[in-house]
Amino acid sequence: MLVCTKQHCNAQAFSATRPRSSTRQLSVRVFNKRQFDGAINDDKTLGDIAGRAGAAAMSGLLTLSVLTSGAAYARPTGVNRPELLPTEQTPVIDVAGFLTPSEEKRIASQVEALELDTGFRLRLLAQNYPETPGLAIRDFWGVDDTSIVFVADPTFGDILNFNVGQAVDLEVPQSFWSRLAGKYGNKFYWQEKGEAASIVSAVNAIDACLREPSGRTKCATVQGGMDQ
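Residues numbered from 1 in each chain as written. Predicted model: local features only at pLDDT ≥ 70, side-chain atom pairs only at ≥ 80, totals over all residues. Heavy atoms only, no water.

### Considerations on the overall build of the protein
Part 1: Assigned secondary structure in the protein consists of 8 helices and 7 strands.
Part 2: By residue count, 56% of the 228 residues in the protein fall in the buried class.
Part 3: Here the analysis covers contacts within the protein between residues at least 6 apart in sequence; of these, 74% occur between residues at least 24 apart.
Part 4: Carbon and sulfur atoms form 49% of the exposed surface of the protein, whose accessible area is close to 9,600 Å². (Helix = DSSP H or I, 4+ residues; strand = E, 2+ residues; numbered from the N terminus. Buried < 20%, exposed > 50% of the residue type's maximum accessible area, 1.4 Å probe, protein only. Contact = heavy atoms within 4.5 Å. Areas by Shrake-Rupley, 256 points an atom, 1.4 Å probe, with all protein chains shown as cover.)

See below:
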């Protein structure tokens, strides 16, 4: 799970990394459009993009985060597999097969409605590293400051990983992502209830959060769950 306790991240410091220790690390990546445009031309940065960064970096997309502890890390091999992308544009890509077709369709409709109502662009990639589109995802979705990129990958334990645009970070406290990942992304939760339950619950929680009025209490409670 990726939820950051740090401030905004420097794109030059980003790398998809994999923890050698079992210590849980929380890291949410915050990026802006200028950083994204610079990062996509940085081979050292993007070479690791497809790595599901255990607890320190998001797999499959942008490597836009800083580490939040001193544990040692090793880089997974970067992946660029556009053949794993769908032929048509969609906000949900499930290369791991965690979701049923009806679940995938419902989530796609839900996030499309969320974007229409709030302007925030939630995108979901479900994968099992290294089976991921990797670098190819950046152009497919056109990630920007209003984007939340949610990567569901249980490869290294916790399943919920997030990259958030700068506009999202200004609206949603970073503590929300930490609490969300802790509630629905921990290994005990998804192993008991299934990967789909973690994904659906997290999407519902994000939807509820982004629809709340702006203010100090916005997203103070992690809602969501399967019954929303």
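Having seen it, we continue.
### Topic: the pattern of salt bridges
Part 1: For the structure on display, the rule yields 8 salt bridges.
Part 2: Ionic pairing is found between Arg 81 and Glu 83, a salt bridge with its closest N-O pair at 3.0 Å.
Part 3: Between Glu 171 and Lys 218 there is a salt bridge, and its shortest N-O distance comes to 3.6 Å. Remark: Lys 218 occurs in the segment after α8 (195-211) and Glu 171 occurs in helix α5 (residues 166-171); sequence separation between them is 47 residues.
Part 4: Taking relative accessible area as the criterion, Lys 218 reaches 3% and is therefore assigned buried.
Part 5: What emerges from the salt-bridge pattern is a single network uniting Glu 115, Arg 121, Arg 123 and Asp 144. (Salt bridge = Lys/Arg side-chain N within 4 Å of Asp/Glu carboxyl O.)

### Let's talk about helix α6 (residues 174-184)
One turn of an α-helix holds 3.6 residues; hence residues three or four places apart share an orientation.
Part 1: Taken together, the buried positions of α6 are occupied by Gln 174, Phe 176, Trp 177, Leu 180, Ala 181 and Tyr 184. Looking straight down α6, one finds its buried side chains confined to an arc of 150 degrees; they lie on one side. (Arc of directions from axis to C-beta.)

### A word on the state of the cysteines
Part 1: Evaluation of the coordinates by the stated rule reveals 1 disulfide.
Part 2: Between Cys 209 and Cys 219 runs a disulfide, and the two sulfur atoms are separated by 1.9 Å. With the S-S dihedral at roughly 80 degrees, the linkage between Cys 209 and Cys 219 falls on the right-handed side. One end of the pair, Cys 209, is in helix α8; the other, Cys 219, is in the segment after α8, with 10 residues separating them in the sequence.
Part 3: Owing to a relative accessible area of 1%, Cys 209 belongs among the buried residues under this scheme.
Part 4: Looking at Cys 219, the relative accessible area reads 0%, which means it is buried. (Disulfide = S-S within 2.5 Å.)

### Side note on the confidence of the model for the protein
Part 1: Residue-level pLDDT values for the protein average 74, and 65% of them are 70 or greater.
Part 2: Across the protein, the secondary-structure element scoring lowest on mean pLDDT is strand β1 (residues 18-19), at 32, and the one scoring highest is helix α3 (residues 101-118), at 98.
Part 3: For residues 1-27, every residue scores under 50 in pLDDT, and the model assigns this stretch 122 contacts once sequence neighbours within four places are set aside.
Part 4: Contacts for the low-pLDDT stretch residues 32-75, under 50 throughout, to residues beyond four places or in other chains number 174 contacts. (pLDDT = per-residue confidence, 0-100.)

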